[in-house]
Amino acid sequence: MKNSMVIFSGNANRPLAQRVCDYLHLPVGAAEIGRFPDGEIDCKVLEDVRGADVYVMQPTCPPVDRHLMELLILIDCLRRASAERITAVVPYFGYARQDRKAEGRVPITAKLVANLITAAGASRALAVDLHAAQIQGFFDIPTDHLFAAPVLIEYFRSLELTEVVVVSPDVGGIKMARAYAKRLAAGLAICDKRRSSPSETEVMHVIGDVNGKNVVLVDDMISTGTTIVEAARACRSHGAKDIYLCATHPVLAGSAAEKIRKAQIKETIVSDTIPVEGKDPGPLRVLSIANLLGEAIRRIHRSESVSSLFV
Ligand code: R5P
């Protein structure tokens, strides 16, 4: 393999790709991704990648299907241009919530998308805070799974809050919340959430003590905002003081930003896996994971350990 490393970006989050390239002191790979008159994606790589180690950055955030197709077409393009190794860098991996047959006659889209990325020609994948850790195993190619927690936790440490309780908005998020609580030396509480439809949830109980405490609600993503806003409401009714929302992926679909704005949240803290421009959820802090991604890419390129980034 040529020693060259080239990072390309789809249109989903070019500013993040630029920040990663700044960290690595590289230019973003030259490519044009446009549209044919009928709406199909038109893609051309504008530099020689024969024998190169290439990385394609594209979170599959809304509009999900367009961004996913861009990713697949870019990978196909690079494979046919004889890149030696192609790593799909998917900071936000969409279609992840259907990761099992929770009922009859439903698809497992997380596996389907992993298959599509592999079939397009990716030799490796790199993702951040997958909705469920086992999705890593849905890829039949080596896959590195990064966590935004070090970046988000560092910010909370800088706030020097006292009497903090980290709250998981649902039972599925306990592991993530426990990791935050441990590293912030904070208490832990859990909301017992029941989901009646993709956009409706109800918190039945708050398990743990949030009375008079500063609450940090932690989740992997804020999509419609229903889960985290409902959990905030429950914490407030149980006597919580200030409430912070913390999520890796600010999907902010539909009226999520408005819901958060109305919920009197002290601050919403998210990473830059997905751009949030044009959405106003009230006090917002976007923390960049570009250095983390850049360092992981550097280590993959040099065949060094990635997991040691998190010890
Ligand atoms: C649930 O399993 C996830 O961890 C998130 O809580 C959920 O996907 C967020 O979705 P929404 O913002 O639409 O409630």
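Above this note sits the structure.
Residues numbered from 1 in each chain as written. Predicted model: local features only at pLDDT ≥ 70, side-chain atom pairs only at ≥ 80, totals over all residues. Heavy atoms only, no water.

Some thoughts on the sheet that holds strand 9 (residues 187–197)
For the record, the criterion: One bridge is not enough; two strands pair if DSSP finds at least two bridges between them. Per the convention used, a helix needs a DSSP run of H or I reaching at least four residues, while a strand needs a run of E reaching at least two, with both numbered from the N terminus. As a rule, the C-alpha atoms of each element are fitted with a line to give its axis, helices using only the stretch in contact, and angles between N-to-C directions run from 0 to 180 degrees. Two residues form a contact once any of their heavy atoms are found within 4.5 Å.
Here we have 7 strands laid out as an open sheet, ordered 10-9-8-11-12-13-14, and mixed in their pairing. Both edges of this open sheet fall to strand 10 (200–207) and strand 14 (284–287), since each of them pairs with a single strand only. If you compare each strand with its neighbour and ignore which way they point, the axes differ by 25 degrees on average. Here 4 bridges tie strand 13 (residues 267–271) to strand 14, and the two strands are oriented parallel to one another. Opposite Ile 269, over in strand 14, you have Arg 285 as the bridge partner. Each of strand 8 (164–168), strand 9, strand 11 (214–222) and strand 12 (243–250) is contacted by helix 5 (residues 174–184), which is oriented at about 165 degrees to strand 8, the strand it contacts most.

Re the pattern of salt bridges
In a structure, side chains of opposite charge can pair up when their charged atoms sit close to one another. To be explicit about the condition: By convention in these notes, a salt bridge is any Lys or Arg side-chain nitrogen within 4 Å of a carboxyl oxygen on Asp or Glu. For every residue, the accessible area obtained with a 1.4 Å probe (protein chains only) is divided by the maximum for its type, and the residue is called buried under 20%, exposed over 50%, and partly exposed between those limits.
What the rule picks out here adds up to 16 salt bridges. For Asp 272, the salt bridge identified is with Arg 19, shortest N-O distance 3.1 Å. Linking Asp 272 in the loop between strand 13 and strand 14 with Arg 19 in helix 1 (residues 14–24), this pair joins segments that are 253 residues apart in sequence. By relative accessible area, which is 5% here, Asp 272 ends up buried. Sharing partners across several salt bridges, the network here consists of Glu 295, Arg 298, Arg 299 and Glu 304.

Some thoughts on the sheet that holds strand 1 (residues 5–9)
Pairing is parallel across the open sheet formed by 5 strands, whose spatial order is 1-4-5-6-7. Only two strands of the sheet have a single partner each, and these edge strands are strand 1 and strand 7 (143–146). The average angle at which neighbouring strand axes cross in this sheet is 20 degrees, direction not considered. As paired strands, strand 6 (residues 124–128) and strand 7 are joined by 4 bridges and run parallel to one another. Across the sheet, Leu 126 pairs through a bridge with Asp 144, a residue of strand 7.

Some words on helix 4 (residues 149–159)
Applied cut-off: Working note: the arc is built from the helix axis to C-beta atom directions.
For helix 4, the complete set of buried residues consists of Ala 149, Leu 152, Ile 153, Tyr 155 and Phe 156. Taken around the axis of helix 4, the buried residues stretch over an arc of 155 degrees, which confines them to a single face. The inward-facing, buried residues of helix 4 contact helix 5, strand 11, strand 12, strand 13 and strand 14.

Quick notes on the site of the ligand
Here is the rule we go by: Being near a molecule or strand, for a residue, means having at least one of its heavy atoms within 4 Å of it. Pairing of N or O atoms within 3.5 Å defines a polar contact, subject to two protein rules: one partner must be a possible hydrogen donor and the other a possible acceptor, and residues neighboring in sequence count only if both atoms are side-chain atoms. In short, Shrake-Rupley with a 1.4 Å probe defines the accessible areas, and a residue's cover is counted only from the protein chains shown.
Contacts to the ligand come from 14 residues, most closely from Asp 219, Asp 220, Thr 224, Gly 225 and Thr 227. Between the ligand and the protein, one listed contact pairs an oxygen atom with a side-chain N or O atom of Arg 97 at 3.0 Å. The side chain of Thr 224 places a nitrogen or oxygen atom 2.5 Å from an oxygen atom of the ligand. Surface burial for the ligand is 89%, taken as the share of its 370 Å² of free accessible area covered by protein chains.

Describing the environment of Val 6
Relative to the elements of secondary structure, Val 6 occurs in strand 1. For the pair Val 6 and Ala 30, spaced 24 residues apart in the sequence, the C-alpha separation amounts to 9.2 Å. When near neighbours in sequence (up to four residues on either side) are disregarded, Val 6 contacts Gly 29, Glu 47, Ala 52, Asp 53, Val 54 and Tyr 55.

Things to note about unusual backbone geometry
Looking along the chain, the bond that leaves Pro 62 and enters Pro 63 is cis, with omega of -5 degrees. Despite not being glycine, Leu 252 shows a phi value in the positive range, around 45 degrees. Tracing the backbone shows Leu 252 in the loop between strand 12 and helix 7 (256–262). Unlike most non-glycine residues, Gln 264 shows phi in positive territory, near 50 degrees.

Focus on the packing of aromatic side chains
Heads up, the rule is: Stacked, tilted and edge-to-face pairs are distinguished by plane angle, under 30 degrees for stacked and over 60 for edge-to-face with tilted covering the rest, among Phe, Tyr and Trp rings (Trp via its six-membered ring) whose centres lie within 6.5 Å.
A complete count under the given rule lists 4 aromatic pairs for this structure. Ring geometry for Tyr 155 versus Phe 156: centroids 5.9 Å apart, planes at 65 degrees, classification edge-to-face. Taking relative accessible area as the criterion, Tyr 155 reaches 11% and is therefore assigned buried. On the basis of relative accessibility, which here comes to 4%, the residue Phe 156 falls in the buried class. Three or more aromatic residues joined by ring pairs make a cluster, and in this case those are Tyr 155, Phe 156 and Tyr 244.

Quick look at the pairing of strand 5 (residues 85–90)
Heads up, the rule is: Note on handedness: a crossover is taken as right-handed if, strands pointing away from the viewer, the path from the first strand over the helix to the second is clockwise.
Among the 6 residues that make up strand 5, 6 are buried, leaving the element largely enclosed by the rest of the structure. Covered by surrounding structure in strand 5 are Arg 85, Thr 87 and Val 89 together with Ile 86, Ala 88 and Val 90, the residues of both alternating faces. Inspection of the sheet shows strand 4 (residues 53–57) paired to strand 5 by 5 bridges, in the parallel sense. Residue pairing for strand 5: Asp 53 is matched across the bridge by Arg 85. Following the chain from strand 4 across helix 2 (residues 64–80) to the adjacent parallel strand 5, one finds a crossover that is right-handed.

What is shown is where atoms sit, not what they do.
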